[in-house]
Structures are given as C-alpha cells and as structure tokens.
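Coordinate analysis (summary)
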Amino acid sequence: MTSSSSPSQDTQRAAHTSPEGLRADALMEEDVAWSHEIDGERDGDQFDRSERAALRRVAGLSTELEDVTEVEYRQLRLERVVLVGVWTSGTVHDAENSLAELAALAETAGAMVLDGVIQRRDKPDAATYIGSGKAEELRDVVLESGADTVICDGELSPGQLIHLEDVVKVKVIDRTALILDIFAQHAKSREGKAQVSLAQMQYMLPRLRGWGQSLSRQMGGGKGGGLATRGPGETKIETDRRRIREKMAKMRREIAEMKTGRDIKRQERRRHKVPSVAIAGYTNAGKSSLLNRLTGAGVLVENALFATLDPTVRRAETPSGRLYTLTDTVGFVRHLPHHLVEAFRSTMEEVGDADLILHVVDGSHPDPEEQLAAVREVISDVGATGVPEIVVVNKADAADPLVLQRLLRIEKRSLAVSARTGQGIAELLALIDSELPRPSVEIEALVPYTHGKLVARAHDEGEVISEEHTPEGTLLKVRVHEELAAELTPYAPASAV
C-alpha cells in the first residue's frame, strides 16, 4: 500500500532537507556540532549561548589600592562652592563683609569656596533671586570654576530655589540651609540634636519636591473597601508632609519635656537666690574662651563658627566671695534663621532669666558694631531687653587700638579684655561683682554653733559683711534676702531687733 502526501507536507519536507532548513533545525537545538555545510556561510566567529549571556571582566581597570594605609591619608574631596549675594542696602563694604561671613560659614560646614559674586538690586528677584540674565552669567562662573554647589546669601523661597537650579544646573542652597547644616554637625547633647532636627523639618516642609511616583496617588478606600478605586487618595508627597508634621509634633513634645528639667534646675537656683550671669554674643567672639578663663570650665574652644551649641552652666565666685552661676549660650549671627530662634527658644531663655548679660563682641572683627546690633536683635526676640548688660570687647590683644577706643566710647558700660592673655579679666570680675543684684536685707545675728547650716547659707546665698566667733556662737553681720533674714531674726541681739 502506498501512502499519498499532500503538497503542503512535501513542501515542509523539502524545506527541512534544504540548507536553510538544516540551519533552522540547528538553531533550535541546544548543542549541535559545527558543520562546514551549515556553519561555513556564517559571518565571523560564533559563540556558545553561555558565552553570549555572560558578563566579561576586563583586567586592569580596578583602582583599588593594594596598600590599605594609603586610603587613610587620602583627603576627602570637599564640596566646591560659589557664593552669590544680593546687595540691597548699605555700602559695598557691608556687602563684602556679609559675603566674607558666608564664606566662613561655608568653610565651617566643610566646603571649599572658589568664587563669590554680588549683584546690586533694589530687592531680590522673585523668580531666580538674582534675575534671569545674571543667573546665566552665574552659570558661566560655575562652569569656569568647576563648582558643584551655589550658596546664596539669603533665604530663598521654594520657587527661587527650583528656578535658579534649573539655570545653573548644580545644587543650590541658601544661607538658612547652610547654618542648619552647621548646627546639625555640631549638636552633641540630646536637647541640642532635637532642637536642630525640629528646625530642619520646619525648613524642609514647604520645600519638599516630588516627581514621577511621588505625585502618583494611593488607591482610595471607598465605602466598604471593594476594589479600592473609589477615591483619589493621598499623593506620596502629601504622605511625606503628613509624616513630617507628625515628627515635628513629637519633637516639640520631647523638647518641652527636656525644658521641664531645665526649668526645675533654674527654679532651684532662684529658690536659693543665686545670681546668674549669661554670656551672649556673636558666634566666634570668644564666649567659651571667656567662660574657661572665668571659671576653668574646660569647654571646647575652636576658631570656628558655632563650635559650641549646648549651653554650659558653671559655678563662679566674685572677688568678694559671692557665688553666682555663669551660663555660656549659643552664638548668634546676622539673619539667624527664625526656625532656629524658635527651636532654641528654651535654651535662649537662660538669657532672659539672667540677672546680668555679658555681651561679648570680637574687637578684631572688621565691623563689631554690626555684630552688636545683630545680637541685640535676637536678645529682643527672646524678651531679654530689660536685663542689665555689660559689653565685653574680647580679643583686645589682636584688635586695632582705635577700634577699641571707639567701642569703649560708644558703649557706656563696656570693658576691653583678652580671654587668651588674661588682660582685663580682674577688672571684669570686679565689675560683675558691683553689677550683680545685692540682697535687700542687712541683719546682725548671733547664730549658735548647733545651727551651722544657717551660717553656711549666709555665705552661699548672701553677702557676709563681718563674722566673729564668740563663746555663745557665730556673730554675723550679713546682707541676705528676705526668706533667710526671717530665719536669722530669732537670733538677732536684742539691741539689733
């Protein structure tokens, strides 16, 4: 019996027996022997499938150092920045001083300043801070210097930040973000870190950006769930903002709890009527150096802006033997971000509750009068304008004598000192002794030896005028506050009552 085949089957059989059909069969198989009849017509060398799918390593491209110790001595590449400022008022000297301070802030934050430019304008441009034409010129400066960051000497709105970055094509930050970064680096205590975190979140909240999936919405819940497609839901950026607000609320509660502990200590000092002196002043004016000189506190001293952020309270004694507390506060700077003023308000309250403020100013600074004005503006913000003030012109050994004379002539209650050499420190201590509030009641008492605690309190909380040891007890003539005077009254001699 012979079998018949259809024309289509004959065509398929012919295709398989032809060279093209054999090549197709070979390509479908995993492993096939090389054939001159089939593979000879291919162009170039052919590779196995495993070789075609594998990544090939190229020798000689690794830059890893063989000696690991060389890595330890390599310097990190600092951010290379260009500074830009808008000069709206004052003289060109003032504008240059402001940019020089911005350069010092940038170096403190760990950047390398390559160039700085200033533009004269009535007010900053609403779109790009310096105007579209000057922004393009700034882009040329950035390209020429090889910078990777632009720092603006002012606080930029979110729109200004975005538009300026679109033109210069590098990262743009403002003065506020720079100061917040420095504070974040230098905060050491739990309270300081919490205050800086709160200020950073307050600054970042209106400046969140979103694109791509950040602007996509979550599926709405709908009534009873269902397919979860019944509402637009939150975008991711809205979710981020909500989470930041929740973190800010939590941070404020934590700071309030830490403030309670500070208030308790402050109330204890008030109860014992211990006078307090607060050291306030511009950053890097030498406040910590002065604290170390007066009390031997051993606080970190460094020639850098905002080297110490955490307030330090130390016990000190006047030349006449009166005890008082000396508090070193956070340094101030012109245009201090209001986020920081608000976050550090609990710390700055030390200034408002003090009996005396030592306002330290750098006598060697090019413009010490502007430093005084900037600090007094912040002192006014925290409600400490009614506290007596002594202006301490520090770094007298490095200052221009003419500048010192001018400052001492302008500021009526002022003194020139040098925390480094000790010049004028004795005069400052005597001035503190005379300016601190004195106890209001003068009393004479014969305190029995069995009540020695009263004598000790008279030394700690009051001012001892005379002291004599008699067979009946200690005869004191002291000036004390009303509460202690009431306790000493029963021991007053009959002639003194």
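Per chain, the residues get numbers from 1 upward, laid out in the order the sequence is written. In keeping with the model being predicted, local features are shown solely for residues with a pLDDT of at least 70 and side-chain atom pairs are shown and tallied solely at 80 or more, while totals for entire chains, interfaces and linings include all residues. Only hydrogens and water are set aside; all other atoms, that is, all heavy atoms of the structure, feed into the side-chain values.

The name an unreviewed UniProt entry assigns to the protein chain is GTPase HflX, from the organism Streptomyces flavalbus. The UniProt entry for the protein chain carries the following comment under Subcellular location (unreviewed entry): "Cytoplasm". UniProt positions are given in the numbering used here, feature names are shortened, and annotations may be inferred rather than shown by experiment. In its Sequence similarities (unreviewed entry) section, the UniProt record describing the protein chain reads: "Belongs to the TRAFAC class OBG-HflX-like GTPase superfamily. HflX GTPase family."

With that settled, consider the nonpolar core. Counting 53 residues, the largest nonpolar core has Leu105, Phe183, Phe306, Phe332, Leu336, Leu340 and Met348 as the members making the most contacts within it. Two residues qualify as a contact provided that any one of their heavy atoms is within 4.5 Å of a heavy atom in the partner residue. When near neighbours in sequence (up to four residues on either side) are disregarded, Phe306 contacts Leu105, Ile179, Ile182, Phe183, His186, Thr283, Gly331 and Val333. Membership of the second largest hydrophobic core comes to 20 residues, among which are Ile279, Ala285, Val392 and Leu436. Among the buried residues, those of types Ala, Val, Leu, Ile, Met, Phe, Trp, Tyr and Cys that are joined through side-chain atoms within 4.5 Å form a nonpolar core. Using a 1.4 Å probe on the protein chains alone, a residue whose accessible area is under 20% of its type maximum counts as buried, one over 50% counts as exposed, and one in between counts as partly exposed.

In the contact formed by helix 15 (residues 368-381) and helix 16 (residues 401-410), the axes pass within 11 Å of each other and the chain directions differ by 40°. Residues Pro368, Glu369 and Leu372 of helix 15 form the contact with helix 16, whose own contacting residues are Val403, Arg406, Leu407 and Ile410. Split by residue class, the contact of helix 15 with helix 16 holds five nonpolar, no polar and two charged. Think of each axis as a best-fit line through the C-alpha atoms, taken over the contacting stretch in the case of a helix, with angles from 0 to 180 degrees between the N-to-C directions. Counting from the N terminus, the helices are the DSSP runs of H or I reaching at least four residues and the strands are the DSSP runs of E reaching at least two. When residues are grouped by polarity, Ala, Val, Leu, Ile, Met, Phe, Trp, Tyr, Cys and Pro land in nonpolar, Asp, Glu, Lys and Arg in charged, and all others, Gly among them, in polar.

Stacked, edge-to-face and tilted are the three classes for Phe, Tyr and Trp ring pairs, Trp counted by its six-membered ring, which pair at centre distances within 6.5 Å; planes under 30 degrees apart are stacked, over 60 edge-to-face, the rest tilted. All told, the structure shown has zero aromatic pairs when counted by the stated rule. In this structure, Arg120 is placed above the aromatic ring of Trp87, and the distance from its NZ or CZ to the ring centre is 4.5 Å. Our definition puts a charge over a ring when NZ of Lys or CZ of Arg is within 6 Å of the ring centre and also within 35 degrees of the ring normal.

Two strands pair under a simple rule: DSSP has to find at least two bridges between them. An order of 2-1-3-4 is seen for the four strands of this open sheet, with the pairing classed as parallel. The open sheet has two edge strands, strand 2 (111-120) and strand 4 (171-174), and neither has a second partner. Across the sheet, the mean angle from the axis of one strand to that of its neighbour is 25°, orientation sign disregarded. One ladder, built from nine bridges, connects strand 1 (residues 79-87) with strand 2; its direction is parallel. Residue Trp87 lies in a different strand from strand 2, and its bridge partner there is Arg120.

Taken in spatial order, the three strands line up as 11-13-12 in an open sheet, and their pairing is antiparallel. Lying at the two open borders of the sheet, with one neighbouring strand each, are strand 11 (441-447) and strand 12 (463-469). Within this sheet the neighbouring strands show an average axis-to-axis angle of 10°, counted without direction. Pairing analysis gives six bridges linking strand 12 to strand 13 (residues 474-480), with the strands arranged antiparallel. In the strand pairing of strand 13, Glu468 is matched with Leu475. Its contacts with the sheet put helix 18 (residues 452-461) on strand 11, strand 12 and strand 13, and the angle it makes with strand 12 is roughly 145°.

Our next topic: the pattern of salt bridges. Salt bridge criterion: a side-chain nitrogen from Lys or Arg within 4 Å of a carboxyl oxygen from Asp or Glu. Within this structure, the stated rule accounts for 18 salt bridges. Taking the shortest distance from any N to any O, the salt bridge between Arg420 and Asp397 comes out at 2.6 Å. Residue Arg420 is located in the loop between strand 10 (414-416) and helix 17 (425-435), and its partner Asp397 is located in the loop between strand 9 (389-394) and helix 16; the two are separated by 23 residues in the primary sequence. With a relative accessible area of 66%, Arg420 lands in the exposed category. Of the residues examined, Asp397 reaches a relative accessible area of 34% and is grouped as partly exposed. As a salt-bridge pair, Glu487 and Arg457 come within 3.1 Å of each other at their nearest N and O atoms. Linking Glu487 in helix 19 (residues 482-488) with Arg457 in helix 18, this pair joins segments that are 30 residues apart in sequence. Glu487 gets classed as partly exposed once you look at its relative accessible area, which sits at 36%. Each member of the salt-bridge network shares a partner with another, and the members are Glu101, Asp153, Arg175, Arg334 and Glu370.

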